[in-house]
Every structure is written in structure tokens, then in C-alpha cells.
Amino acid sequence: MTIASLDAAGIVLPGLQRLTVRVSQKPGQKVHIAVPRRSMSSCTHAPEEGGEEAGLLAVFDRACARCRGHIGMRDDQDLVWRSAHLVAASRLRLLGLQDAMVEASWLGYARAVDDRSRESDAGGMAELECAQLHGDLEDDRRSILECWARIDEDWTRTLEAYRKSALEPAVASLYSAACGRVAGRKDHREESKRLATITADTAAYRRDYDVLELVLSTWKAARMSGAAPGVARKLAVKAARSHYRGKSVHDVSALPEPALTSWSGHSSPAAWADDEFLALWETTVGKWLDEVEAEAVGAAEAEGGRQLLLVRGWPLTHDRDADLAYLAAFPQLGAPVPDIARPIEIGFLQSSPAWAVVLAVPRLAAEHAAALPVPDECPARVVAGAEIKGNPSSESVDELLRLAYPYLPGDSAADGPNASPSAGVMAARAEYSSKVSENLAKAKAAGTDRLVEASAEGWRRGNRWSPPAGAPDSGARELVALLEALNFNVDVEIEVETGTPSEPGRHVLYGTITGLDQTKLDLDFTPAGHHRTIPVRLHRVISIAGCNYESGAVIWNEHGDRPRWESWKRVRW
């Protein structure tokens, strides 16, 4: 980020303009900013003392990249500085989106929506609005907030314009569904394979080239870009013709019987075979296009009604999500819940958080999404729910969300602020009471001063802790003591009551406890996979245990990824 980008965003920082630093080089050259104390991460060229005094904003663009991370500021100055850069970065991403609108696509729209939602999840300018600043920074705050509000409005208008410039999502699902039906028919797959056999046409890894996919993808891309049916058909045939240009017949026995063309008038059998293959692929491709156009017309006539749809692996921003990216235009119902991690397309053995959401979509879109192929080792990408009329009930939305993650934030919130453990939770805790007492007795035998240390170490090895009977705050104090002994940094499995009081469940959630509110008796729980922290009320907690990696208690899947949750099963002590 540069000062020029701040100026382009219209951000004025009179308070930070008075901030000076000492630099080691003369103006006009690359500068190194002096640091009060050298560290392993500081620039090796940064002087510990001395240097020429200069305004920070005047020399920042010429400062060494490593020195920029070690600028001495007060906390409030640092907050203003970071907030200004967030606004400027948001503006640059907005300009990039506006440039991309020339070739609008639903994948681009989904990526833009995800980009914007990340800023909202980060809190935007909430920290700056509430912070206590020195008086000399009030004008800086006012300028940043005004620019943020203006850019926020521009984001909203641009996203709406992008959505309108792309194809109507219901129509996009119509074309995708038509292509999916035609591509899925066995006779068409065999015809495509036959064409590849005749010309020894192979793709990567010696697989038969799938000309059916080429024709349908070209037709769909043309229709989604707004081309008329006749134009889309010509483009699909042109793509096939370009592919077969220069190819000759290798297997005459695979040509059809009876022949489509007469052998007379040809200079050689090879010339006749080439003309015969030309007639064959033109006839076959024409039949495919007739059927996909008929499917699109029939689907349009049958379109109607809405349906709930659970989508996993959200947001749909990867290249492999192109066929589903149009779903980003439909409204979300309820809050997203943690889902399995998804691999990042750039990088090695990396993953990013993924979510599961419930959408209200046209029935045709739900049918198309559910019909897409899914790899054998992966769970179903989408799950169709009930058809809806008007506003769907929260119960039907929650039912779908629980298929992806059993504990919803609204579970404990619906219990009220002074809720007590249910009869099921109390009975489950009683199952552990004898074993917990035995563990504590062993710890006391080692010395009362080592009680917490011994309990925490045993917990780390997989021993279970269960809230004691009595006042809820006593369990909170005991848990805080254990967490403080582990520096609030331990992977755990929480056995918790899920669901509603009328339909309770019992599940194990994997993740990390990062804090505990002793007033509200809420655990700050971060589900495994780097997801957002969610509150878990202590009155729903049955037991907590450290994840025992050595004994194999935590099962990893074939991608090296920990599970998010599992149904409860009796614990072996």
C-alpha cells in the first residue's frame, strides 16, 4: 500500500502527517527507518539511533519494505494507520471488480461477494469508531469513516450492477441443467467415445477426447453470454470443426453401417473414410444440439416453485465451482455454519475455511445442483430440502444446517439467559462423576498445590472434565483454572447437547477453546478448520477433553484434515 493510494481514496490524515521518524538515507533514495531496539525481525540496515528526521507520510513510499513493519507508533496511531490502509485496499479491490464487469460471470460475482463478506466479518471500521483517540487524531478518524461510508455505498451499487450484468441466475441454472441432462445420457457418452476411437483422438493421460463436453460447454457459454440459439449452435459446431481439422480416420471398422455417404466419386478409400467421418460427426453434433435446445425449452416451460437447498463448501469461488457459482445470487437463510475444509487451488497441502449455507432457489436450480457429479470420497455437495411458498420456517432451515454442523448458535440462545442444564445433560454428567472424582483424588494425593497442574496435564492427555454439580459459576471457575494452566491454547473435543429442548441431540465438537465469559457462562469455541468463533453455553456442555493424538482418538481423513464433529458414542476411559 502506498501514500498515493491513500490520496486517491480521498483519505486525509492531518494527525499522522505530524508524525516524524528518523531515517538513515538522504531524500530521493531508498530509506531505512531507525528502530529503538533491534530484533531478529527488524531490517539489518535500520540504524538503532541517529539518522535524519523526516515526516512518515513523506518517506513511507520510499521506505524499505521490512522497515515499514517496525514503525514506532502509539496504539491509537497504529489503529488509524491500519484503518486507512484497509479503506484504500477496499477501494483498489472495488476498482478491480469494476474493470472485471466487462466480462461478467457468476464465478466472478461469487468471488466479489466473498471478498466483500470478508471485510464485513473483519468488523469493518467498528474498532476505529469505538476507540479512544488522542485529540490530534479526530480529524483522521472522521476522514477515514467518511471515505469508508462512500466506498461501502459504491460496493453495494457495483455488486448489484454486476449481478444485473450477468445472466439471470434462474436462466443460468436452466442452461446448466439442460447440458447436464444431455451429457448424462449413456448413448451420448458412447457416441462421443466412438468418435474418439475412429480418429484415435486422446486427451491427457491417454483418455478418449470428450467432444460431447466441448460441444455442450461451448453452447452453454454462448447462451450464458446472451447469444441467440442459432448463434450458440453455430459456435458449438465451429468448435467441433476446429477440433477435427487435420484429423484422419484411423479405425475404419468403427464407422457406421450402413454408410452415411456413397463411396463413388472418391479418389481412394481413405478419402471416402474422411468424408464419411465428416458426415458422422456433423450428424452426431447436430443431434446433441437439437436435444440440448429442446431440454432448455422444456425446462423453461416447466419452471416454477422454490426450494430450500443446502450448499456445502461455501463460498463458491474456486474454478471447480463454476457450474454452481450462480447460486451466489440467491438469498441466504440463517447463519452459515462450519463445514469441511476445502483445498486451496494454489499451494500445497493448504486449506481454507469452508461453510455450509441454506439458500432459497428455484426448483430447477435445486435439481441441476443436485444432479452434478460428486467424487466418491466427498460428501454430497448440495442437499435439496422442502419446497417452499412464501417465507420458509426457521425449523426447516435449521434442519438442513444440522446436516452440515449439529450445533447452531441459536440452540443455546433460545434457552434464555438463566438457563440451567437439562435432565439429559445432568444424567450424562453423572456418568462421568465417578471417574472425574477418581482423577482428582489422584491429583490431590500428589499435593494440593499441584492439583490444577496435574488435572490440566491429564486433560491434555485425553482425560475428560465434566462440570461439577452445584452453582454454574463454580464449574466456570474450575474450567478457567484448567484453561489458564494450558494458556488457553489446546485442541479439545466438547461433548455438548445440541438441538432444541423438544428434540435434543448429543454430539462431539472438535476445535479450540479461546476464552470463557464467566458472566454469561459462554465458551468462546473455534471449530476446527480456522472457522469463526461461536459461543457455546456452559449449561449445554456435558464434558470436555483434550484431543489425544498419540492414542489415535482424533481420526484424520485421507486429506490430513481433522473432523469438525461426530455423533456421540460411549467414551472409553
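Please read these numbers as outputs of a predicted model, since none were measured by experiment.

Engineer: Please explain the nonpolar core as it appears in this structure.
Structural biologist: In a soluble, globular protein the nonpolar side chains are often hidden away together inside. In this structure, I11, L13, I144, V311 and L327 are the most contacted members of the largest nonpolar core, which totals 65 residues. Top contributing element to this core by residue count: helix α5 (residues 75–100), with eight residues. Those residues within four positions of V311 in sequence are excluded, and the remaining contacts are L316, L327, W355, A356, V357, L359, R381 and V382. Residues Y175, A254, W272 and A273 belong to the second largest nonpolar core, which totals 35 residues.

Engineer: What is the right way to read the environment of L107 from this model?
Structural biologist: Within the secondary structure, L107 sits in helix α6 (residues 106–121). Judged by its relative accessible area of 14%, L107 is buried. The spacing of L107 and L316 is 209 residues in sequence and 7.3 Å in space, taken between C-alpha atoms. Other than its neighbours up to four places away in sequence, L107 contacts L316, T317, H318, D319, A322 and A325.

Engineer: Can you help me understand the pattern of salt bridges in this one?
Structural biologist: Where charged atoms from two side chains of opposite charge come close, those side chains can pair. The full count for this structure, using the stated rule, is 20 salt bridges. Here E295 makes a salt bridge to R185, at a shortest N to O gap of 2.2 Å. Residue E295 is found in helix α13 (residues 269–302), and its partner R185 is found in the loop between α9 (169–183) and α10 (186–198); the two are separated by 110 residues along the sequence. Here D210 and R189 are joined by a salt bridge, their closest N and O atoms 2.8 Å apart.

Engineer: I would appreciate a short explanation of helix α11 (residues 211–224) in the present structure.
Structural biologist: Each turn of an α-helix holds 3.6 residues, which means side chains three or four residues apart point in the same direction. Between its first and last C-alpha atoms α11 spans 20 Å; for 14 residues at 1.5 Å apiece the expected length is 20 Å, and the two agree. Burial runs high along α11: ten of the 14 residues are buried. When α11 is considered as a whole, its buried residues turn out to be V211, L212, L214, V215, L216, T218, W219, K220, A222 and R223. Two or three places before L212, at the start of α11, stands the capping residue D210, its side-chain oxygen 3.2 Å from that residue's backbone nitrogen.

The rules behind the values
- Residues numbered from 1 in each chain as written.
- Predicted model: local features only at pLDDT ≥ 70, side-chain atom pairs only at ≥ 80, totals over all residues.
- Heavy atoms only, no water.
- Core = buried A, V, L, I, M, F, W, Y, C linked by side-chain atoms within 4.5 Å.
- Buried < 20%, exposed > 50% of the residue type's maximum accessible area, 1.4 Å probe, protein only.
- Helix = DSSP H or I, 4+ residues; strand = E, 2+ residues; numbered from the N terminus.
- Contact = heavy atoms within 4.5 Å.
- Salt bridge = Lys/Arg side-chain N within 4 Å of Asp/Glu carboxyl O.
- Expected span 1.5 Å × (residues − 1).
- Polar contact = N/O pair within 3.5 Å; in protein donor to acceptor, adjacent residues only side chain to side chain.

By themselves, these observations are geometric and do not establish any function.
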